[in-house]
Amino acid sequence: MMTNSILRRRRNELVAGVLVLIILAVLPLPIRDVYTQNLIILTILYAGLSQAWNILGGYCGQISLGHGLYFGIGAYVSTMLFVSAGIPPTIGMFAAGIVGAVAALLVGWPCFRLSGHYYAIATVVVGEIGYLLFLNWDFVGAATGLYVPFHGENWAALQFRTSKLPFHYVVLAFAALTWIVAWVIEGSRWGYSWRAVRDDVTAARSLAVRVFPSKMAAAAISGFFTAIGGAIYAQYVGYIDPDSVLASSFSVLIALPAVLGGVGTLWGPLVGAIVLIPTSELTRSYMGGAGGIDLMIYGGLIVVIALARPTGLVSLLGIRKQVGGANAAPT
Amino acid sequence: MTLDTVLQVALSGLLMGLIYALVAAGLSLIFGLMDIVNFAHGELLMLAMYATVLLNAATGLDPLLQLPVVAVGMFVLGVLIYRCLIGRALGVQFNRGMVQIFVTFGLAIFIRGAAQLAFGGDFRSVNVSWLGNKTVHFGGVYVPLPQLAASLVCLVAFAALLGISRTEFGRALEATREDRDAVALIGIDRDRIFALGWGLGAAAVGIAGTMLATFYYVSPTVGANFALIAYVTVALGGFGSMTGALVAGVLIGEVEAVTAQVLEPSLKQVGMFAIYLVVLMVRPRGLFGKI
């Protein structure tokens, strides 16, 4: 039976997910080197962010190049709540997520009328408007940015100075949550509708899939988790300004792991992040001094992977395509 | 606001807008031909500006005299990019839309890194120029000569692009745009047309870059800002439409000049972005886009 094989595959994926989670939970224990710890934390954080992007960009096929906006909004909302109202980021990040989801809906309302490149460009522009507004908005510190005050080691505020280990588990929980959400979506009625919207809008509509609400739902969920990622990032680095959380380069950084790892797949974002984030961080650390070589390697890697593995790096691992969907391109 | 101020703002918007229009025309040409958004467009502009500055320093010739050299060099570069990368991206079986976006995006990062390695991060500018820092004035309106020359050259280049579209080659371009598979049946080499399209698009942005370099500083990141404006211009005018690029370029230039005057200069781009979003609400495929 068809259904049985799908159910079996989904169960196997869940088992694989738990195994990967255990590996990632044990991974940092023997590592004492702060640089490596930081590298792993960033990789897992980007895997989570990219999975959040993947929900809209991969499963629903709407190539957003403006997710930096939701990331930045998340960082700003939780930090502002903490700085001016004293609300701890463990609570603030959910407020950030809700604001991020609302922002994604507000952006989606006009932009989802556009298709293909028109949509991608519109998201770039919306992200850029957000950057310019925050840059000139005195209430949130304008170009100076915001410092997150340190209130001593505590979990409520997600502040840890003596060890990076707690943060490792915070980002791991975040990434695992986005993975689970993607897993649930893959097998749900919504997931099938979204993939239908991605693969063929006309055919989807003829099967009574409600296209616009599908895109809006995907955008809200995607924006919600992207903003939570931004809130966590703000706590991790302790200082935010428009250039560090709202720059348009962030939008691409968030999308890249999913795109190169395997867009619209469960494992693509993690695989892509494992390849991309250490590459960019290590080349910057060891070759950034020579000025430019790091960017050349990073850019060259993107070109080579995109051309050599259009379905993403996961196809190298022999992981099959996601349940029930062709991997056709949205254009 | 006096009449002079109004004229001054309108004129500077127009001059800048014509440059935006030529940058956008190169992007629009490539898009219309093969449905690819070149995210390395700003980096091509940056390379043309560096070529101008370096040639200027080496030969002492005025940038206007270097125009043909830079344009031909950029044409060759455009053809090479198509032959080495874009042609392959078009042949991809899966995820074609995303592969195209991220191949040109990776190329943009690569070129930016190469420029940083070769030229360093410092700002540079043209040293020798006939027009440099000269202005003419009509009544109370001041016109910097480099900007005036740049916009006139861009207008001429734009007219040349429109002229090309009336030749045999232009009709082959148009036919390839209409149906890329059918043209093979009537003996048009699609790959060659695409490569020439990339050459022309790069040459257009090359000419804009040379003229821009006469009054604008150059750095490895200078392309990003102009590229963003080019995307907005092309989307506003309608992807693939030359007339759209011209009208939208001038409109964007004017809106930018007015916003900088009325609001703060740091917010000058908010105005153009807002106009773009409003137009897209009414016409999702831009002012002159085919529905």
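Residues numbered from 1 in each chain as written. Chains lettered and ligands numbered in written order. Predicted model: local features only at pLDDT ≥ 70, side-chain atom pairs only at ≥ 80, totals over all residues. Heavy atoms only, no water.

S.K.: Report on the overall build of chain A, specifying residues and quantitative values.
M.R.: Of regular secondary structure, chain A possesses 13 helices and two strands. A compact globule built from 331 residues should have a C-alpha radius of gyration of about 20 Å, and chain A, at 19 Å, falls within 12% of that. C-alpha atoms of chain A, sized along the principal axes, occupy 55 × 45 × 40 Å. Of all 331 residues assigned to chain A, the portion counted as buried reaches 59%. Contacts spanning at least 24 positions in sequence make up 78% of the contacts within chain A whose residues lie at least 6 apart. Within chain A, one finds 18 positive and 12 negative side-chain charges whose respective centroids are separated by 16 Å. (Helix = DSSP H or I, 4+ residues; strand = E, 2+ residues; numbered from the N terminus. Rg over C-alpha atoms; globule rule 2.2 N^0.38 Å. Buried < 20%, exposed > 50% of the residue type's maximum accessible area, 1.4 Å probe, protein only. Contact = heavy atoms within 4.5 Å. Lys, Arg positive; Asp, Glu negative; His and termini not counted. Charge placed at Lys NZ, Arg CZ, Asp CG, Glu CD.)

S.K.: Just give me the short version of empty space enclosed by the protein, but keep the residues and values in it.
M.R.: Per the stated rule, a full pass over the model turns up four cavities of 30 Å³ or more. Counted as a void, the largest cavity has a volume near 70 Å³. Elements with a contribution of two residues or more to the lining of the largest cavity: helix 11 (248-262) and helix 13 (293-308) of chain A together with helix 4 (96-119) of chain B. The class makeup of the residues in the lining of the largest cavity is nine nonpolar, one polar and one charged. Size it by volume and the second largest cavity reaches roughly 40 Å³. In terms of lining, the second largest cavity is formed by L56, S64, Y70, A104, V107, G108, F112, Y119 and A219 of chain A. The element best represented in the lining of the second largest cavity is helix 4 (residues 89-111) of chain A, accounting for three residues. (1 Å grid on protein atoms, 1.4 Å probe; cavity = no way out; pocket = protein on both sides within 12 Å on 5 of 7 lines; lining within 4 Å. Points joined across faces, edges and corners; volume = space filled by probe spheres on them. Nonpolar A, V, L, I, M, F, W, Y, C, P; charged D, E, K, R; others polar.)

S.K.: Give a description of the pattern of salt bridges that names residues and reports values.
M.R.: All names here are of chain B. Tallied over the entire structure, the rule returns five salt bridges over all chains. The salt bridge involving D191 is made with R83; its shortest N-O contact spans 3.9 Å. Of this pair, D191 sits in helix 8 (residues 190-213) while R83 is found in helix 3 (residues 63-90), placing the two residues 108 residues apart along the sequence. The class for D191 is partly exposed, based on a relative accessible area of 34%. Accessibility expressed as a relative area gives 43% for R83, which makes it partly exposed. (Salt bridge = Lys/Arg side-chain N within 4 Å of Asp/Glu carboxyl O.)

S.K.: How would you summarise the side chain of T233 of chain B if you had to cite specific residues and measurements?
M.R.: Residues and elements named next belong to chain B. By secondary structure assignment, the location of T233 is in helix 9 (residues 222-237). For T233, a relative accessible area of 0% corresponds to the buried category. Among the polar contacts made by the side chain of T233, one reaches the main-chain carbonyl oxygen of I229 at a distance of 2.6 Å. Setting aside anything within four residues of it in sequence, one finds T233 in contact with A24, A245, A248, G249 and I252. (Polar contact = N/O pair within 3.5 Å; in protein donor to acceptor, adjacent residues only side chain to side chain.)

S.K.: Explain the nonpolar core to me, and be specific about the residues and the numbers.
M.R.: One broad rule of soluble globular proteins: the nonpolar side chains tend to lie buried together. Residues W53, W194 and I232 of chain A together with L22, M34, F102 and Y276 of chain B are the most contacted members of the largest nonpolar core, which totals 203 residues. If one sorts the elements of this core by residue count, helix 1 (residues 3-34) of chain B sits on top with 14 residues. Non-local contacts of W53 of chain A, meaning those with residues more than four positions away in its chain, are made with G58, I63, S64, H67, S222, I254, A255, A258, V259 and V263 of chain A together with M98 of chain B. (Core = buried A, V, L, I, M, F, W, Y, C linked by side-chain atoms within 4.5 Å.)

S.K.: Before we move on, could you go through the interface of chain B and chain A and cite the residues and values that matter?
M.R.: Facing 46 residues of chain B, the contacting portion of chain A comprises 45 residues. Summing both partners gives a buried area of about 4100 Å² for chain B against chain A, and 79% of it is carried by carbon and sulfur. Contact with chain A buries area across many residues of chain B, yet N95, M98 and F102 of chain B alone supply 18% of it, more than any other trio. Our count for the chain B to chain A interface comes out at zero salt bridges. Between the two partners, chain B and chain A, sit four residue pairs in polar contact (both at pLDDT 80 or more). When residues of the side of chain B that touches chain A are traced back to their parent elements, those giving at least two are helix 3, helix 4, helix 9 and helix 11 (268-282) of chain B. (Buried area = accessible area lost by both parts, 1.4 Å probe.)

S.K.: How would you sum up the packing of helix 3 of chain B against helix 4 of chain B? Please name residues and give values.
M.R.: Residue and element names in this part refer to chain B. Remark: helix 3 packs on helix 4, axes separated minimally by 9 Å, with the N-to-C direction vectors making an angle of 155 degrees. Comparing the axis directions of helix 3 and helix 4 gives the class roughly antiparallel. As for how helix 3 packs across helix 4, the hand of that crossing is right-handed. For the pair helix 3 and helix 4, the contacting residues are I81, L85, I86, A89 and L90 in the first and R96, V99, Q100, V103, T104 and L107 in the second. Within the contact of helix 3 with helix 4, the residues separate by chemical class into eight nonpolar, two polar and one charged. (Axes fitted to C-alpha atoms, helices over the stretch in contact; angles between N-to-C directions. Parallel < 35°, antiparallel > 145°, perpendicular 65-115°, else oblique. Left-handed = near helix turned anticlockwise from the far one by under 90°.)

S.K.: Summarise the packing of aromatic side chains; cite the residues concerned and give the values.
M.R.: Across all of its chains, the model carries 21 aromatic pairs over all chains by this definition. Ring centres 4.6 Å apart and planes at 40 degrees place the aromatic pair Y76 of chain A and F134 of chain A in the tilted group. Pair noted here: Y76 of chain A is in helix 3 (residues 68-85) and F134 of chain A is in helix 5 (residues 116-135), with a separation of 58 residues, a long-range link. Taking relative accessible area as the criterion, Y76 of chain A reaches 2% and is therefore assigned buried. Accessibility expressed as a relative area gives 11% for F134 of chain A, which makes it buried. Their ring planes at 45 degrees and their centres at 5.1 Å tell us that W179 of chain A and W267 of chain A sit as a pair that is tilted. On the criterion of sequence distance, the pair formed by W179 of chain A in helix 6 (residues 165-187) and W267 of chain A in the loop between helix 11 and helix 12 (268-287) is long-range, its members being 88 residues apart. Of the two residues examined, W179 of chain A and W267 of chain A, each falls in the buried class. Here the aromatic residues Y20, F123, Y216, Y217 and F226 of chain B are joined through ring pairs into a cluster of three or more. It is R195 of chain A that lies over the ring of Y192 of chain A; its NZ or CZ is 4.8 Å from the centre. (Phe/Tyr/Trp six-rings, centres within 6.5 Å; stacked < 30°, edge-to-face > 60°. Lys NZ or Arg CZ within 6 Å of the ring centre and 35° of its normal.)

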